[in-house]
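Secondary and tertiary structure notes
One letter stands for each residue in the lines below.
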Amino acid sequence: MDEKKEYKVIGTRPIRHDGVDKVTGRALYGADVQMAGLLHGRVLRSPHAHARIISIDTSRAEAYPGVKGVVTAADLPEAEDRIADLGEGAVNLKYLCDNILASDKALYKGHAVAAVAATSPHIAEEACQLIDVEYEVLEPVLEVRQAMESDAPLLHDSIRTTSMGETADEPSNVASHIQHKLGDPDKGFEEADITVERDFVTGTVHQGYIEPHNATAQFNQDGHLTIWCSTQGAFTVREQVAEILQYPVSKIKVIPMEIGGGFGGKISVYIKPVAALLAKKTGKPVKVLMSRTDVFEGTGPTPASYIRVKMGATNDGKITAAEAYLAFEAGAYPGSPVGPGAMCIFAPYSIENVVIDGYDVVVNKPKTAPYRAPGAPNAAFGSESVLDEIAEKLGIDPLEIRLLNAAKEGDRRADGPVHPRIGFVETVEAAKSHPHYTAPNGKKHHGRGVASGYWFNIGLESSVTINVNADGTINLIEGSTDIGGTRSSIAMQAAEVLGIPAESVNPSVVDTNSVGYTAVTGGSRTTYATGYAAYEAAQDVKRQMIGRAAKLWEVEEANVQFADGVFSSINGKEEEISFRDLCSHLGQTGGPIVGSGTVNPGGAGGAYATHLVDVAVDEETGKVEILRYTAIQDAGRAIHPSYVEGQIQGGAVQGIGWALNEEYIYNDEGAMTNASFLDYRMPTCLDLPMIDAVIIEVPNPGHPYGVRGVGEVPIVPPLPAIANAIYDAIGVRMTELPMSPDRLLKAMGKI
Amino acid sequence: MARKSHVQTTINGETVEFLCESRQSLLEVLRDELHLTGAKEGCNNGNCGACSVILDGRLVNSCLVLGVETEGKSVETIEGLAEPDQLHPIQNAFLENAALQCGICTPGFIMSAKALLESNPNPTEHEIRYWLAGNLCRCTGYDKIVKAVMDVAKASA
Amino acid sequence: MQDFGYVAAKTVSEAVTLLDEKGQTARILAGGTDLIVQVREARRDVDLMIDIKSIPEVNVLDYNADTGLTLGAAVECYKVYAVDEICNAYPGLIDATKIIGGTAIQGRAGVGGNLCNASPAADCIPPLIVLNATAVIAGPNGERELPVEQFCTGPGQTALENGEMLVSMKIPAPASNSSSFYLRFIPRNEMDIAVVGAGASVTLDDAKQTIVSARISLGAVAPTPLFAEEASALLAGREVSDAAIDEAAAAAQAIARPISDMRGTAEQRTHLVGVLTRRALNGAIQRI
């Protein structure tokens, strides 16, 4: 990778390829699927947070006019207690199936119990109310520390705590315990002149994508199943549906429609297998849509957590030791992101002595799902607040203490990996010199906070095919669903290789029968890994085109070179032909050219961000106003800077929502009382200033153009940055999220 | 089975007739009966703005209007905005400013912005944010959306 | 969503006759922004929706400097704040109409619907109360009038008898040296339901030093919006001062009977009554 190279396409800001479809309302999302004979499906959900299902009687619903089919867990194949690997790690198949349709127990309010297909959505909804379910209501457990108590109500008899290779004898809600250790933490704390230890509590929050989940399924008489849906990964839908229905992947085609936001929440399947079951039962295509309440109650949010962080430092600000205890709510089934939280918590810093303990704990809430840098924001809320307190007590500038301890290339993370070239220092330096940081900050009840964050990013499999057109354009076929402009960021990498404008690439996101395996749009991997595959596919096209030029000119391939979109012959014959012109000679030189690229790259390269925020606190009401926000991030190389800025701005604002107002509010029975966009308070545009996104480019050695994933890390710093700003404004350390007005009033002693 | 009513209304300048149940919202009628799927359902209770349309010149949430209420009225949807050979200036501004990511909220924002600029061609940033507060976007942080609307206002000034 | 019938009534008597015949499961449809959601979420059982928007009397929006305002029950919020004279005369009511829902909601929702929905947190009701508004009600036995503070009887419950409907609200012309103010506390800046709302109207003497009379009303701190009678009365004859306003705020706090729910805690609400009452009174005084 050449760091100094000037690019022609990369770094420019073309209009996105799917733009016109999306501003005219023509782009088809999952819920927009219409077809003849379509039935409408709705799901009946448990009204109880914890209950044994004694019986389900569907006869009244089946008899209701307009109803064409009803399904329950009894329609799913028997799920033995076995482990399936679905590309995202091992999953217990019984848990997976039970989360689709509860069999023996309902484990959260909103847990799917049965589903109806009918001639109209209203009839399906009415019929759901005619399904008689007899429950034995059990006591729910709704908070991670309570769930860890030895006398807590148990969700599963089958869970035994696994801890570093050992499995306990007694059942527990603690599914697993992990530990990472580096150096000698006890010795490190002895060397410290100052030690700060605090407890933190964070609430359950939802990704809040605007488009509810949807799925339309059709079962043909020959056994072929087609699913139209919005998803972050068509192939993972295919795998999960195949496992749940015990059906071969070769008979399942998943057609990814446009997707209205995901942020990690549209990887797990919920209603897709249900639509398939209903389609099979009725013989008709069935469209199942979730309501917004279904989305809040029945899909995976990101976990609430209890976190304890202890850090020690010398008087000159060097961190000598760090300790973290992370207990994460997995929801109804194991699998919280405590692992990633533990990987990220101290990753911005080079600390010799570290111990991190993580616990994955089941509670009577929806099974959690990834949400943008899953686990890392919770963890950083603790570590970055404690570091701020140390800096303040030592009288050191908060950015200076970060620089003093910053992780660099060659430093080891507590969980093992050694950092490659990373750009953390560069983000802090940029923050220090940003006009925001040097602007006056002295008004009463105004405060400024800073915080940094890390996300490791992932690679995984991607496939791209390029078909060369005779007019010098290319059709680029990919499997990564486009949630935020990745058609363009992928197309631009192919265009750069071939020396053609971005507009000469026609990118298409296609179904699982039409492109090679491609992992989910998630983990900040799409522009990195699918872009890498596009680069490889374009290189393949280039190699083949060189062969065609050689044939045309009757020279050796070794004597053809390609630069700036022009093929030329070296050594002897002086020939030149542009990419575009050569494309018109494909037929006579051997036929069409199809290039392909497949990757599973290992060098995703971690992403760092440092954020600055100014707040005003209304000390009478406890309300926090965001006055100014600057988000600085190492993008490695920004392929399309506008959409990199967009990721940074969007991530920062989701973090602002999480910090200030977003949370699942539960009553004692375990029912979420704010399952609507009215009372689950995501930021509106009136709650925000402009978000200044600053892109730093420290190229990633693991990608041909230096790309680092950018989507996730911007949600990590806002939580602690805002907490630190509130402290600066009113002298109160907020340790519970969200930092909502009532909590501020309490912390200030006003109520 | 619920009985259906016959409704005649004007949609994007064309007279349209449809049958609908009383309980079907204008959003359901647009999407399911007329296959105008540009207006989206995000919350179905008036809190996200993804279903925004203009009814007799006034911005409304189509999920909170009954289809039967539109008898004799005029409805503008996202599908009616562009000319055959060119986009509406707001649509262009959204593209040029990269004011969309997933795009699900975009039709609602564009209709809302259109209604704003028709009633106030030169809004301040605060006026834009106040007007658009009923439209939720979860991807962009609103920055580029607000800038796109400011650009349209500037261009027409 | 349950199935229901729909009728677009042309006259008050047609609507009243239908209401009378169908009983409790017939509901008046004006803006629909509450009713449609309630039926969709199965929180209200409705067999018939009677759309009143084509009835002339419920669309009246008439302001006269001598006699005051007649505000038809179906007039949408945006039409109210589009009239400069009304904005000048009743700024407290305008405060409320501009913060209900978002712009799109204000294109459908009206003050009358807000009143009939009878939410304890309704933004328009405290301003109506402090502005001495009267509800004009039509029923099978003719018309009657009721002070707005007596209109709500519980959450979602009103003084409307079977067969009765709200036709309009009447607000007297404002006294000289008077003004009004409404504000609410919400965690966001828009699109929320009031955690607490407070409305105030104040009339000063000609020197603008002494309070001649004041009215304070509170939202979201009791089963219905409250008229804070004692807090209002104690301001009469007092000099404009922080002390007087603090006393009134304390008296307002004393009548608050809030609950804790997902929108706020009881202690937070009681605290906010004091803060918002002060801000509402100061806001009204500053406008004079």
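Counting from 1, residues in each chain are numbered in the order their sequence is written. Chains carry letters and ligands carry numbers; both start at the beginning, A for chains and 1 for ligands, and go up in the order they are written. pLDDT decides what is reported in this predicted model: residues at 70 or higher carry local features, side-chain atom pairs at 80 or more are listed and counted, and totals for whole chains, interfaces and linings draw on all residues regardless. With hydrogens and water excluded, all non-hydrogen atoms of the structure serve as input to the side-chain values.

1. What about the interface of chain B and chain A?
By definition in these notes, contact holds between two residues if any of their heavy atoms fall within 4.5 Å. Listed as interface residues are 50 residues of chain B and, on the opposing side, 60 residues of chain A. Buried area, as used here, totals the accessible surface that two parts lose on assembly, with accessibility defined by a 1.4 Å probe and the loss added over both. Buried surface at the junction of chain B and chain A, both sides included, amounts to about 4,400 Å², of which 60% is carbon and sulfur. One speaks of a salt bridge when a side-chain nitrogen belonging to Lys or Arg is within 4 Å of a carboxyl oxygen belonging to Asp or Glu. Linking chain B with chain A are 5 salt bridges. The salt bridge partner of R138 of chain B is E662 of chain A, with a shortest N-O separation of 2.7 Å. Only runs of H or I of at least four residues qualify as helices and only runs of E of at least two qualify as strands under DSSP, and these elements are numbered from the N terminus. Among the secondary structure elements, those contributing two or more residues to the side of chain B that touches chain A are α1 (26-33), α2 (89-96), α3 (106-119), α4 (125-131) and α5 (143-156) of chain B. Sort the elements by how many residues they give to the side of chain B that touches chain A and α5 of chain B lands first, with 5 residues. Classes in brief: Ala, Val, Leu, Ile, Met, Phe, Trp, Tyr, Cys and Pro nonpolar; Asp, Glu, Lys and Arg charged; the others, Gly included, polar. The residue inventory of the side of chain B that touches chain A, partitioned by class, reads 22 nonpolar, 14 polar and 14 charged.

2. Regarding the environment of G112 of chain C
Relative to the helices and strands, G112 of chain C resides in helix α7 (residues 111-117). Separated by 111 residues in the primary sequence, G112 of chain C and M1 of chain C have C-alpha atoms spaced 25 Å apart.

3. What about the interface of chain C and chain A?
Often, the extent of an interface is quoted as the loss of accessible area on bringing the components together. Taken together, the contacts link 24 residues of chain C with 27 residues of chain A. The three residues of chain C that bury the most area against chain A are R188, N189 and M262 of chain C, which together make up 30% of that side's buried surface. Across the contact surface, chain C and chain A share 6 salt bridges. Taking the shortest distance from any N to any O, the salt bridge between D679 of chain A and R263 of chain C comes out at 2.7 Å. Each polar contact in these results corresponds to two N or O atoms within 3.5 Å; when the atoms are within protein, one needs to be able to donate a hydrogen and the other to accept it, and residues that are neighboring in sequence are counted only if both atoms are side-chain atoms. In this structure, the connection of chain C to chain A is made through 14 residue pairs in polar contact (both at pLDDT 80 or more). Counting residues per element, the side of chain C that touches chain A draws most heavily on helix α11 (residues 266-287) of chain C, which supplies 7 residues. Tallied by class, residues from the side of chain C that touches chain A come to 10 nonpolar, 5 polar and 9 charged.

4. A closer look at the side chain of E21 of chain B
All names here are of chain B. Take E21: it is sitting in strand β2 (residues 14-21). For each residue, the accessible area found with a 1.4 Å probe, counting protein chains only, is set against the maximum for its type, and the residue is called buried under 20%, exposed over 50%, and partly exposed in between. The class of E21 is buried, set by a relative accessible area of 9%. Polar contacts involving the side chain of E21 include one to the side chain of R23, which spans 2.6 Å. Not counting residues within four places of it along the chain, the set of residues in contact with E21 comprises A2, R3, K4 and V68.

5. A closer look at the packing of aromatic side chains
All names here are of chain A. Whether two aromatic rings pair depends on their centres lying within 6.5 Å, for rings of Phe, Tyr and Trp, where Trp uses its six-membered ring; planes under 30 degrees apart make the pair stacked, over 60 edge-to-face, and the rest tilted. Taken as a whole and assessed by the stated rule, the structure comprises 23 aromatic pairs over all chains. Geometrically, the ring pair formed by Y7 and Y705 is edge-to-face, given 5.2 Å between the ring centres and 85° between the ring planes. With a gap of 698 residues between them, Y7 in the segment before α1 (19-23) and Y705 in the loop between β30 (691-696) and α19 (718-730) connect regions that are remote in the sequence. Taken together, a centroid distance of 5.1 Å and an interplanar angle of 50° make the contact between F235 and Y517 tilted. Residue F235 is located in helix α7 (residues 234-245), and its partner Y517 is located in the loop between β23 (505-509) and α16 (526-553); the two are separated by 282 residues in the primary sequence. By relative accessible area, F235 is classed as buried at 3%. Since its relative accessible area comes to 27%, Y517 is described here as partly exposed. In this structure an aromatic cluster arises from ring pairing among Y7, Y528, Y532, Y535 and Y705. A ring is scored as having a charge over it whenever the NZ atom of a lysine or the CZ atom of an arginine sits within 6 Å of its centre and within 35 degrees of its normal. The lysine or arginine in question, R308, covers the ring of Y325, its NZ or CZ lying 4.6 Å from the ring centre.

6. Observations regarding the domain arrangement of chain B
Residue and element names in this part refer to chain B. Residue ranges for the domains originate in an automatic or database domain assignment. Taken domain by domain, chain B consists of domain 1 (4-80) and domain 2 (89-156). Taken together, the contact pairs 13 residues of domain 1 with 13 residues of domain 2. Between domain 1 and domain 2, the buried area comes to about 1,100 Å², and carbon and sulfur atoms account for 64% of it. Contact with domain 2 buries surface across domain 1, with I54, L59 and I78 losing the most and accounting together for 40% of the total.

7. Let's talk about the environment of A549 of chain A
Residues and elements named next belong to chain A. Inspection of the secondary structure assignment puts A549 in helix α16. Sequence separation between A549 and M164 is 385 residues; the distance between their C-alpha atoms is 59 Å. The contact partners of A549, leaving out residues within four places of it in the chain, are V560, F567 and L582.

8. Brief notes about the sheet that holds strand β24 (residues 560-563) of chain A
All names here are of chain A. For two strands to be treated as a pair, DSSP must find at least two bridges joining them. In space, the 3 strands of this open sheet follow the order β24-β25-β26, with antiparallel pairing throughout. The sheet terminates laterally at β24 and β26 (576-578), the two strands that pair on one side only. Going across the sheet, the axis of each strand differs from the next one's by a mean of 20°, ignoring polarity. Bridge analysis of strand β25 (residues 566-569) against β26 gives 3 bridges, and the strand direction is antiparallel. By the bridge assignment, S568 is partnered in β26 with E576. Where helices are involved, their axes are fitted lines through C-alpha atoms of the stretch in contact, as for all axes, and angles between N-to-C directions lie from 0 to 180°.

9. Quick notes on the sheet that holds strand β27 (residues 594-599) of chain A
Residue and element names in this part refer to chain A. Spatially, β23-β22-β21-β27 is the arrangement adopted by the 4 strands of the open sheet, whose pairing is mixed. Every other strand in the sheet has two partners, leaving β23 and β27 as the edge strands with one partner each. Recorded for the sheet is a direction-independent mean angle of 20° between the axes of neighbouring strands. Strand direction decides the pairing type here: strand β21 (residues 462-468) and strand β22 (residues 474-478), joined by 5 bridges, are antiparallel. Directly across from V464, in β22, lies its bridge partner E478. Most of the contacts of helix α15 (residues 486-498) go to β22, to which it runs at about 135°, and overall it touches β21, β22 and β23. Taken strand by strand, α16 contacts β21, β22 and β27, and its axis lies near 145° from that of β27.

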